[in-house]
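Residues per chain are reported as follows:
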Amino acid sequence: METRRHHRIVVIGGGSAGITVAARLRRAGERDVAVVEPGARHYYQPLWTLVGGGRAPLRESIRPQRSVMPKGVRWVRRAATAVDPEAREVLLDDGGTLHYEQLVVCAGIQLDWGRVPGLEEGLGKDGLSSNYLPTTAPATWRFIRATRSGSAVFSMPAGAIKCAGAPQKIAYLAADYWREQGVLGKIDVHLVLPGAAMFGVPEFARVLEDVVRRYGIKVHFGSEVTEVRPGAREVVVTNLGSGEKTTLPYDMAHLVPPQSAPDWIKRSPLAGADDPAGYVEIDKHTMRHVRYPDVWALGDAGSSPNSKTGAAVRKQAPVVVENLLAALDGREPTASYDGYASCPLTTARRKMLLAEFDYSGRPTPSIPVIDTLRERTDMWYLKRRGLPFLYWNLMLRGLA
């Protein structure tokens, strides 16, 4: 039966952004907060790279959604299908509607598997995998272990994606494993990148240039995989500048799909008119919608031009909460997000490069004394143990 309910604050999405914002709102004393989230499981997705690289078990990345839902929040176990910002309503997949005073959109990002012909149907079989799904991340590790010679292809698509370092991380974890096994010299390792450099920040790009040189990885700059032929075990790589196509064979391949805002957001008035990816159009500092002052967005669904990472969410959430509460109180929002994001790049099976940066495009290290402009073993332990602890015990509780 169609129902219509009212909530002071509605949060769309129960991922890292939605749960963190809801927890912070509750800690600030807000009593009427609803979180719209259909899923029964909550995932710590950064661990999936380590699952695919054989460095962590999948089970550590999964917890029941109910275990992370903040106490006192109304959990609406439906999916949002539309937003009417004029009427201040969220339409649900059961025909019900939620009326709101303030709306926070953090519905995540959509994996557009279908934009690469052959990719989705080949996943999880015959050496082809992706760490971007919990169902196929374990297959990546099986295929890495099974590869003793031949060719391996790792790719990153053009456009914004969640955790832009992930396509490279798994290549380095695989190459280091093959080095340990004494077979790296028998494998042609290819890394397909859409950009002109290893990384957008020159200081970190130089470190990664040394990493690919160490492993003998061939990097295809300014290119992306545009077709997969699973039966033949080959991919088509297109140069984004010239349009020239080349074919690469693979014994194992880790491919990352193109990504965009969820389709229902693309179709909504919340999306930017000039943004084909359809992200919620927000001010990059206040996180407030540029046309609808009672709508906010953060995380992967927002249009802010930062790297889409959990670290960005951790810095965006307090800004959104402070500004939203100011708006409810009739005050102008003054909190500002500076674009901070971090990318913990696993460069070996026991080493990591912690890349931290903001809108300025310069390194912004947050750990005193430690030199984070190089690969470090202690940063590996931060990635494997410290960051998951921070996520489950502090960030999702609105404490960090």
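One structure accompanies this document, and this report is about it. As the structure is a prediction and not an experimental result, all values here were calculated from the model. (Residues numbered from 1 in each chain as written. Predicted model: local features only at pLDDT ≥ 70, side-chain atom pairs only at ≥ 80, totals over all residues. Heavy atoms only, no water.)

**Description of the nonpolar core**
Put simply, the rule reads: We call a set of buried residues a nonpolar core when its members are Ala, Val, Leu, Ile, Met, Phe, Trp, Tyr or Cys and they connect through side-chain atoms within 4.5 Å of each other. Burial classes: relative accessible area under 20% of the type maximum marks a residue as buried, over 50% as exposed, and values in between as partly exposed (1.4 Å probe, protein chains only). Should any heavy atoms of two residues lie within 4.5 Å, those residues are counted as being in contact.
In this structure, V90, F154, Y172, W178, F199 and L298 are the most contacted members of the largest nonpolar core, which totals 125 residues. Apart from the residues within four sequence positions on either side, W178 is in contact with I144, T147, A152, F154, V183, L184, I187, V189 and M252.

**Focus on the sheet that holds strand β16 (residues 245-249)**
Our working definition: The criterion for strand pairing is that DSSP finds at least two bridges linking the strands in question. Helix and strand definitions follow DSSP, with helices as H or I runs of at least four residues and strands as E runs of at least two, each counted in order from the N terminus. To get an axis, fit a line to the C-alpha atoms, keeping to the stretch in contact for a helix; angles then go from 0 to 180 degrees between the N-to-C directions.
Taking strand neighbours across the sheet as the criterion, the three strands line up as β14-β15-β16 in an open arrangement whose pairing is antiparallel. Looking at the sheet topology across the chains shown, the edges are occupied by β14 (223-229) and β16. Averaged over all pairs of adjacent strands, the angle between their axes in this sheet comes to 30°, without regard to strand direction. Sheet topology places strand β15 (residues 234-239) next to β16; five bridges connect them, and they run antiparallel. Residue pairing in the sheet places V235 in a bridge with L248 of β16.

**Points about the pattern of salt bridges**
The test is simple: Between Lys or Arg on one side and Asp or Glu on the other, a salt bridge is scored when a side-chain nitrogen of the former is within 4 Å of a carboxyl oxygen of the latter.
For the structure on display, the rule yields 20 salt bridges. In this structure, the salt-bridge partner of R88 is D294, at a minimum N-O distance of 2.5 Å. Taken together, the positions of R88 in the loop between β6 (80-84) and β7 (89-92) and D294 in the loop between α8 (263-266) and β19 (295-297) put the pair 206 residues apart, joining distant regions of the chain. According to the relative accessible area criterion, R88 is partly exposed, its value standing at 34%. What makes D294 buried here is its relative accessible area of 8%. Here D112 ties to R115 by a salt bridge, and the two come within 3.2 Å at their closest N and O atoms. Connected through salt bridges with shared partners, the residues R8, E30 and E101 form a single ionic network.

**Things to note about the packing of helix α6 (residues 166-181) against helix α7 (residues 202-215)**
Two numbers describe a pair of packed helices, the interaxial angle and the distance between the axes. Note the threshold: Note: crossing handedness is left-handed where the near helix turns anticlockwise from the far helix by less than a right angle, and right-handed where it turns clockwise. Residue type decides the class: Asp, Glu, Lys and Arg count as charged, Ala, Val, Leu, Ile, Met, Phe, Trp, Tyr, Cys and Pro as nonpolar, and the leftover types, Gly among them, as polar.
It is the contact of α6 with α7, at a shortest axis distance of 10 Å, that shows an interaxial angle of 35°. Crossing angle aside, the handedness with which α6 passes α7 is left-handed. Contacts between α6 and α7 involve Q168, Y172, A175 and D176 from the first element and L208, V211, V212 and Y215 from the second. Residue composition of the contact of α6 with α7, by class: six nonpolar, one polar and one charged.

**A look at a positive patch on the surface**
Test applied: Distance thresholds for patches are 9 Å for like charges and 5 Å for nonpolar side chains (Val, Leu, Ile, Met, Phe, Trp, Tyr), applied to residues having over 30% relative accessible area and no salt bridge. Areas reported here follow the Shrake-Rupley algorithm with a probe of radius 1.4 Å; residue values treat only the protein chains shown as occluding. Residues counted as positive are Lys and Arg, residues counted as negative are Asp and Glu, and His and the chain ends are not counted. The location of each charge is read from NZ of Lys, CZ of Arg, CG of Asp or CD of Glu.
Taken together, the side chains of R27, R63, K71 and R397 define a basic patch exposed on the protein surface. By the secondary structure assignment, R27 is in helix α1 (residues 16-27).

**Some remarks on the side chain of K162**
Quick note on the threshold: Distance and chemistry together define a polar contact, namely a pair of N or O atoms within 3.5 Å, with one atom able to donate a hydrogen and the other to accept it when in protein, and with adjacent residues in sequence counting only for side-chain atoms on both sides.
For K162, the position within the fold is in the loop between β11 (150-155) and α6. Side chain to side chain, K162 and Q45 meet in a polar contact 2.6 Å long. Residues in contact with K162, not counting those within four places in the same chain, are Q45, I109, L111, Y132, Q259, D300 and K308.

**Overview of the sheet that holds strand β13 (residues 218-220)**
Sheet architecture is open: five strands sit in the order β10-β17-β11-β12-β13, paired in parallel fashion. On the outer flanks of this sheet lie β10 (128-129) and β13, each paired with one strand and no other. Sheet analysis places strand β12 (residues 187-192) next to β13, joined by three bridges and oriented parallel. Pairing of H190 across the sheet is with K218, part of β13. Contacts from α6 reach β11, β12 and β17 (252-254) within the one sheet, and its direction differs from that of β11 by about 155°.

**Some words on the pairing of strand β21 (residues 351-357)**
Extensive coverage of β21 is indicated by the burial of six of its seven residues. Bridging between strand β20 (residues 341-348) and β21 involves seven bridges; their strand directions are antiparallel. Paired with S342 across the two strands is E356, which belongs to β21. Between the antiparallel neighbours β20 and β21 lie two residues.

**Some remarks on α1**
Condition: Helix span, as expected, comes to 1.5 Å for every residue beyond the first.
Helix length check: α1 (12 residues) gives 17 Å between terminal C-alpha atoms against 16 Å at 1.5 Å per residue, within 8%. Of all 12 residues in α1, nine are buried, a share of seventy percent or more. Among all positions of α1, only A17, G18, I19, T20, V21, A22, A23, R24 and L25 are buried. Against β1 (4-12), β2 (33-36), β3 (41-43), α3 (65-68), β8 (97-105) and α9 (310-328) lie the buried residues of α1.

**A short note on the environment of T334**
With respect to the secondary-structure elements, T334 resides in the loop between α9 and β20. Residue classification places T334 among the exposed residues on the basis of a relative accessible area of 64%. Remark: the alpha-carbon pair of T334 and N323, spanning 11 residues in sequence, is separated by 6.6 Å. Once residues within four sequence positions are removed from consideration, T334 is found in contact with E322 and N323.

**Some points on unusual backbone geometry**
Phi at D126 takes a positive value of approximately 50°, unusual for a residue other than glycine. Assignment of secondary structure puts D126 in the loop between α4 (119-122) and β10. On the basis of relative accessible area, D126 is assigned to the partly exposed category, the value being 46%. One non-glycine residue, C163, lies in positive phi territory at about 50°.

**Concerning the environment of P230**
Within the secondary structure layout, P230 lies in the loop between β14 and β15. The spatial distance from the C-alpha of P230 to the C-alpha of K125 is 8.4 Å, given a sequence separation of 105 residues. Every residue in contact with P230, bar those within four places of it in the chain, is listed here: G118, G122 and Y250.

**Describing the environment of R115**
Mapped onto the elements of the fold, R115 is located in the loop between β9 (110-111) and α4. Exposure remark for R115: the relative accessible area of 52% places this residue in the exposed category. Between the C-alpha atom of R115 and that of P257, which follows or precedes it by 142 residues, the distance is 7.7 Å. Beyond its immediate stretch of four places on either side in the chain, R115 contacts P258 and Q259.

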